[in-house]
Amino acid sequence: MRHLKKGFTMIMGVILIAGLVGIAVPRAEAAKYVMKFAHNSPPKPSMLYTATATTFQNYLRIYTDGEADIQIFPSSQLGKDSIAAKKVQLGSVHLQTVVTNNISRFDRRIDVYTLPFLFKSFKSAAKVLNSDIGKNIAENYRKKSGIRILSSWPCAFRKMANSKHPILKPSDLGDLRMRIAKNPIMVDTYKAFGGSTIGMAPTEVFSALAQKVVDGQDGGTAWQWSMKFYEVQKYMSVTNHQLAVCVIIINDKYFNKLPKEIQEGVQKAATASTDWLTGYSEAFDEGLIAKFAAKGLKIDRPDLKPFVDAVKPVYKKFAKKLGGIDLINKIIDMQK
């Protein structure tokens, strides 16, 4: 919790930096280049995507001397993640922060990040994402999709929560219907666990849980907290079975039409934001587990070996589509 408070203090420092150091930052409408920035989180300052957008905005104002700014559209105002990402691809929305598993339909190779138990920790994941491997994956994605990944960071490890009973081993999922993101690797991961899943829009999940249409859901703690799932769930298992890799994306054609100095400012703002967000995300995840417990959820930390063993077929099935087993092994070896 101490780390969470420290992280929140840091972000408030970024948000207020202009006023503290006497920099006059113009309002968005006064900037020459104003970009639409979409995300799915409620506009609460400490929420991860809100923190991302606000931090990026302030760095962008500083690095472009107020020439560029963003208009932030939270809470899926511009459409759920996949729809907003399509708008980024088409250019009607300029920027978005989103998890890679929700934009992999444009290039399935980026789903390598979605493989279960691929990443060991926030720090080791950041090492991979900032390596030549991460840069090559981003460049391949840009060439195929027309969407430029400005930066990426490990934003959350997925955990399982439900209203019926603890999940301590894969077979415990047998009588649970779990809502997960509709992604082929994530679906097959749960099949390997022996679980039953359903896909639905994030905005529908709370009511589905409350009405017992589904028993539980899978997601990072930041997302689960922002959606107030603690009101309709009783158990959380810290499985950390998949890493949610977050990215800041921009329409590539739009980016290339910007003046060089604005391009540099946009890239610097994204890099600076995600350098900070890596630490914030880890602290936020750590602190939220304690907050879920304080809300009455039973927190379990199961032995993960049975889960890891269960998903081996997922690697075999998807390796070729994700760039090959050699790439996967390089990612694993980089974390040793």
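Criteria and cut-off values
- Residues numbered from 1 in each chain as written.
- Predicted model: local features only at pLDDT ≥ 70, side-chain atom pairs only at ≥ 80, totals over all residues.
- Heavy atoms only, no water.
- Pairing = 2+ DSSP bridges.
- Helix = DSSP H or I, 4+ residues; strand = E, 2+ residues; numbered from the N terminus.
- Axes fitted to C-alpha atoms, helices over the stretch in contact; angles between N-to-C directions.
- Contact = heavy atoms within 4.5 Å.
- pLDDT = per-residue confidence, 0-100.
- Phe/Tyr/Trp six-rings, centres within 6.5 Å; stacked < 30°, edge-to-face > 60°.
- Buried < 20%, exposed > 50% of the residue type's maximum accessible area, 1.4 Å probe, protein only.
- Disulfide = S-S within 2.5 Å.
- Expected span 1.5 Å × (residues − 1).
- Core = buried A, V, L, I, M, F, W, Y, C linked by side-chain atoms within 4.5 Å.

Asker: Describe the sheet that holds strand β2 (residues 68-73), and please don't skip the residues or the numbers.
Answerer: Here we have five strands laid out as an open sheet, ordered β2-β1-β3-β10-β4, and mixed in their pairing. The sheet is open, and its two borders are formed by β2 and β4 (147-157), each paired with just one other strand. Strand-to-strand, the axes of this sheet are offset by a mean angle of 25°, without reference to chain direction. Set on the sheet, helix α3 (residues 48-63) makes contact with β1 (33-38), β2, β3 (95-99), β4 and β10 (243-251); between it and β2 the angle comes to about 165°.

Asker: How would you sum up the confidence of the model for the protein? Please name residues and give values.
Answerer: Looking at the protein as a whole, the pLDDT averages 91, with 91% of positions reaching at least 70. A low-confidence stretch, residues 1-12 (pLDDT under 50), is modelled with 19 contacts involving residues beyond four sequence positions or located in other chains. In this model, residues 14-26 is a region of pLDDT below 50 whose contacts with residues beyond four sequence positions or in other chains number 12 contacts.

Asker: Describe the sheet that holds strand β8 (residues 216-219), and please don't skip the residues or the numbers.
Answerer: One open sheet holds the six strands; their spatial order is β7-β6-β8-β5-β9-β11, and the pairing between them is mixed. Edge positions in the sheet fall to β7 (196-198) and β11 (298-300), since each of these pairs with one other strand and no more. Strand after strand, the sheet turns through a mean of 25° between neighbouring axes, direction not considered. Pairing of strand β5 (residues 159-162) with strand β9 (residues 235-237) involves three bridges; the strand directions are antiparallel. Bridging across to β9, A161 finds its partner in M236. Against the sheet, helix α11 (residues 260-294) contacts β5, β9 and β11, and its axis sits at roughly 135° relative to β11.

Asker: Describe in detail the packing of aromatic side chains, supporting the description with residues and values.
Answerer: Per the counting criterion, the structure on display carries 12 aromatic pairs. Geometrically, the ring pair formed by Y59 and Y63 is stacked, given 6.0 Å between the ring centres and 15° between the ring planes. A residue pair is termed a helical-turn pair when its members lie 3 or 4 positions apart in one helix, as Y59 and Y63 do in helix α3 at four residues. Overall, the relative accessible area of 39% leaves Y63 in the partly exposed class. Pairing F193 with F307 gives two aromatic rings, centres 5.4 Å apart and planes at 80°, and the pair type is edge-to-face. One end of the pair, F193, is in helix α7 (residues 184-193); the other, F307, is in helix α12 (residues 305-310), with 114 residues separating them in the sequence. With respect to class, F193 is no different from F307; both count as buried. An aromatic cluster is built from Y190, F193 and F307, whose rings are joined through pairwise contacts.

Asker: Which residues make up the state of the cysteines, and what are the values?
Answerer: Across all of its chains, the model carries one disulfide by this definition. What pairs with C155 in a disulfide is C246, and their sulfur atoms sit 2.0 Å apart. Between C155 and C246, the S-S torsion sits near 70°, and that sign places the bridge as right-handed. Taken as a pair, C155 in strand β4 and C246 in strand β10 lie far apart in primary sequence, 91 residues in all. For the pair C155 and C246, a shared accessibility class is recorded, and that class is buried.

Asker: Summarise α3; cite the residues concerned and give the values.
Answerer: Taking 1.5 Å per residue, 16 residues should reach 22 Å; α3 reaches 22 Å between its end C-alpha atoms and fits that length. Across the 16 residues that make up α3, a large majority, 13, are buried. One or two residues past the end of α3 sits D65, with phi positive at roughly 55°.

Asker: Provide a residue-level description of the nonpolar core, including the pertinent values.
Answerer: The biggest cluster of nonpolar side chains holds 54 residues, and the ones touching the most others in it are L115, F119 and F193. Ignoring any residue separated from it by four or fewer positions in sequence, one finds F193 in contact with F117, M160, P170, S171, L173, H241, F307, A310 and V311. Of all hydrophobic cores here, the second largest spans 41 residues; its members include M47, C246, A270 and F284.

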